[in-house]
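What follows is each chain in one-letter form.
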Amino acid sequence: EIASSTIESKPLDCLRLKVKCAAELDADAVKAEFGKISAVNSVQLVPDKKSPGNNVAYLTFESFLDAALAFETAKPEHKAKFAKIKPRKVSLESVQPQEARSFFRPVTRRRSSTLLPPTKLTVLCSSTLTQNQIWRLFDIIPGLMNCSISHDGGSISSATVTYNNTQSAKYAREKLHKFEYPIGERIVVRDGSE
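About the cut-offs
- Residues numbered from 1 in each chain as written.
- Predicted model: local features only at pLDDT ≥ 70, side-chain atom pairs only at ≥ 80, totals over all residues.
- Heavy atoms only, no water.
- Helix = DSSP H or I, 4+ residues; strand = E, 2+ residues; numbered from the N terminus.
- Pairing = 2+ DSSP bridges.
- Axes fitted to C-alpha atoms, helices over the stretch in contact; angles between N-to-C directions.
- Buried < 20%, exposed > 50% of the residue type's maximum accessible area, 1.4 Å probe, protein only.
- Arc of directions from axis to C-beta.
- Contact = heavy atoms within 4.5 Å.
- Polar contact = N/O pair within 3.5 Å; in protein donor to acceptor, adjacent residues only side chain to side chain.

A.B. asks: Mind showing me how you'd approach the environment of Gly154 here?
C.D. replies: Positionally, Gly154 belongs in the loop between β6 (144-151) and β7 (156-163). On a C-alpha basis, the gap between Gly154 and Ser127 in space is 7.0 Å, while along the polypeptide they are 27 residues apart.

A.B. asks: Can you walk me through the sheet that holds strand β5 (residues 120-126) in this structure?
C.D. replies: To summarise the sheet geometry, strands pair through backbone hydrogen bonds and adopt either a parallel or an antiparallel arrangement. Judged by pairing direction, the sheet is antiparallel, and its 4 strands sit side by side in the order β6-β7-β5-β8 without closing on themselves. The two strands at the open ends of the sheet, each matched to only one other strand, are β6 and β8 (188-191). Adjacent strand axes in the sheet meet at a mean angle of 20°, parallel and antiparallel pairs treated alike. Of the strand pairs in this sheet, β5 and β7 are connected by 7 bridges, and their pairing is antiparallel.

A.B. asks: Honestly, helix α6 (residues 166-176) in this entry has me stumped. Any pointers?
C.D. replies: For an α-helix the count is 3.6 residues per turn, leaving residues at separations of three or four pointing the same way. Buried within α6 are the following residues: Ser168, Ala169, Ala172 and Leu176. On an axial view of α6, the arc spanned by its buried residues comes to 100°, and they lie on one face. Of the exposed residues in α6, the ones pointing more than 90 degrees away from its buried face are Gln167, Lys170 and Glu174. Where α6 is buried, its residues meet β5, α5 (131-138), β7 and β8. Sitting at the amino-terminal end of α6 is Asn165, which places a side-chain oxygen 3.2 Å from the backbone nitrogen of Gln167.

A.B. asks: Looking at this structure, how should I read the pairing of β6?
C.D. replies: Working note: regular strand, side chains alternate between the two faces of the sheet. Of the pairings in the sheet, the one linking β6 to β7 comprises 7 bridges and is antiparallel in character. When the bridges of β7 are listed, Ile149 appears paired with Ala159. Hairpin connection from β6 to β7: 4 residues lie between these consecutive antiparallel strands, with Gly153 at a positive phi of about 95°.

A.B. asks: Sorry if this is basic, but what is going on with the environment of Val46 here?
C.D. replies: By the element assignment, Val46 lies in strand β2 (residues 40-47). Taking relative accessible area as the criterion, Val46 reaches 27% and is therefore assigned partly exposed. C-alpha separation for the pair Val46 and Tyr58, spaced 12 residues apart in sequence, amounts to 8.3 Å. With near-sequence residues (within four places) excluded, Val46 lies in contact with Asn55, Val56 and Tyr58.

A.B. asks: What exactly am I supposed to notice about the sheet that holds β2 here?
C.D. replies: Taking strand neighbours across the sheet as the criterion, the 4 strands line up as β2-β3-β1-β4 in an open arrangement whose pairing is antiparallel. Each of the sheet's edge strands pairs with one partner strand only, and the pair in question is β2 and β4 (81-82). By the bridge criterion, 7 bridges tie β2 to strand β3 (residues 54-61) in an arrangement that is antiparallel. Bridge assignment links Val46 to a residue of β3, and that residue is Val56. Its contacts with the sheet place helix α2 (residues 27-35) against β1 (16-22), β2 and β3, and it is angled at close to 135° to β2.

The values are spatial; any link to function lies outside them.
If you want it as structure tokens, here you go:
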């Protein structure tokens, strides 16, 4: 499954597991149970619609090795499986009329760069990567607005990635800096101002 093209197109999918757990367990208890085996970054609990009285936990791990160990050592009742990250969908029906105007209003930036933290990232990556591959990698984090790559003929390319909010840009920098893509070649992610 990990070697398949669907996982290759979204590398962060192999850092996340979906497990079933009892409703009386909170996020800390689930993290403690799986933390005995692997480095768990975060746990998100949601009620299990198919099995009332139970929860589904989405666990994000530090590395693929941690996720694989947790997957292999999980109890059968956990029914562990790798969880794909689904893009967030915005429904215009859910937007109230007064919110709809602001939803379509263009984003305006302040003139002072000290007042507005950067939403633009500079990415140094392998020259074998295409703009589409970089787009799909950074599109895992919601809010991606633009991605452009420039090849200078060498072994390293430079890309500019822009998000519509600073939280997404910061999260992308934290999670994708030094990420190996393709395997064996690390991506360097910096703020656009650096």
